[in-house]
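Coordinate inspection notes
One letter stands for each residue in the lines below.
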Amino acid sequence: MSTAAPTTLDVRPVDAARKLESVLSVVDGLSAGASFVLVDDVDPAPMRLQIENERPGEIRWMYLKKGPHVWCVRVERGPGAA
């Protein structure tokens with residue numbers, strides 16, 4: 001597991017249609033065990049399902065803050081990721 005402080009990806013100003021693309025770009029750049037904090041103004045649970053569908057078993061997802069105005073999620077690339 002990475003000991004470096006995670007970076008933050010704030011997708012609140014990103015157009016809803018591009019949020020998933022932005023998150024996948026960061027996920028794909030992570031080495032196994034590395035993580036970042038995703039910040040959004042809506043619950044990103046649907047995005048999690050899309051990521052798990054496109055990258056099965058590659059991420060771990062842990063809510064740090066659950067709304068109502070800001071959601072923060074630690075997204076970690078799992079050790080089995082390619």
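As shown above, the structure is provided for reference.
Residues numbered from 1 in each chain as written. Predicted model: local features only at pLDDT ≥ 70, side-chain atom pairs only at ≥ 80, totals over all residues. Heavy atoms only, no water.

In this section: the overall build of the protein chain. Across its full length, the protein chain holds two helices and four strands. Ordered by position in the sequence, the α and β elements of the protein chain form the string β-α-β-α-β-β. Across the 82 residues of the protein chain, 40% fall into the buried class. Considering only intrachain contacts with a sequence separation of at least 6, the fraction spanning at least 24 residues in the protein chain is 62%. With the model as given, the accessible surface of the protein chain reaches about 4800 Å², and the carbon-plus-sulfur share is 54%. (Helix = DSSP H or I, 4+ residues; strand = E, 2+ residues; numbered from the N terminus. Buried < 20%, exposed > 50% of the residue type's maximum accessible area, 1.4 Å probe, protein only. Contact = heavy atoms within 4.5 Å. Areas by Shrake-Rupley, 256 points an atom, 1.4 Å probe, with all protein chains shown as cover.)

Turning to helix H1 (residues 16-29), its buried residues are Lys 19, Leu 20, Val 23, Leu 24 and Val 27. Viewed along the axis of H1, the buried residues span an arc of 120 degrees, placing them on a single side of the element. In H1, the exposed positions that point more than 90 degrees away from the buried face belong to Ala 17, Ser 25 and Gly 29. In this fold, the buried residues of H1 make contact with strand S1 (7-10), strand S2 (35-40), helix H2 (45-54), strand S3 (59-66) and strand S4 (71-77). (Arc of directions from axis to C-beta.)

With that settled, consider the packing of aromatic side chains. The geometry of an aromatic ring pair is captured by two quantities: the separation of the ring centres and the angle between the planes. If you walk through the whole model with that rule in mind, you get zero aromatic pairs. For Lys 66, the ring lying beneath its charged end belongs to Tyr 63, and the centroid distance is 4.9 Å. (Phe/Tyr/Trp six-rings, centres within 6.5 Å; stacked < 30°, edge-to-face > 60°. Lys NZ or Arg CZ within 6 Å of the ring centre and 35° of its normal.)

Another aspect to go through is the pattern of salt bridges. For the structure on display, the rule yields nine salt bridges. Between Arg 12 and Asp 10 there is a salt bridge; the shortest N-O distance is 2.6 Å. Between Glu 76 and Arg 60 there is a salt bridge, with its nearest N and O atoms 3.0 Å apart. Note that Glu 76 is positioned in strand S4 and Arg 60 in strand S3, a separation of 16 residues in sequence. (Salt bridge = Lys/Arg side-chain N within 4 Å of Asp/Glu carboxyl O.)

With respect to the element layout, Asp 40 can be found in strand S2. We classify Asp 40 as buried; its relative accessible area is 1%. A polar contact of 2.6 Å, which involves the side chain of Asp 40, links it to the side chain of Lys 19. If we ignore the near neighbours within four places in the chain, the residues touching Asp 40 are Val 11, Arg 12, Lys 19, Met 47, His 69, Val 70 and Trp 71. (Polar contact = N/O pair within 3.5 Å; in protein donor to acceptor, adjacent residues only side chain to side chain.)

A word on the nonpolar core. By size, the foremost hydrophobic cluster in this structure holds 16 residues, and its most contacted members are Val 23, Phe 36, Leu 38, Ile 51, Trp 61 and Val 75. At the level of secondary structure, the elements contributing two or more residues to this core comprise H1, S2, H2, S3 and S4. It is H1 that provides the largest number of residues to this core, a total of four residues. (Core = buried A, V, L, I, M, F, W, Y, C linked by side-chain atoms within 4.5 Å.)

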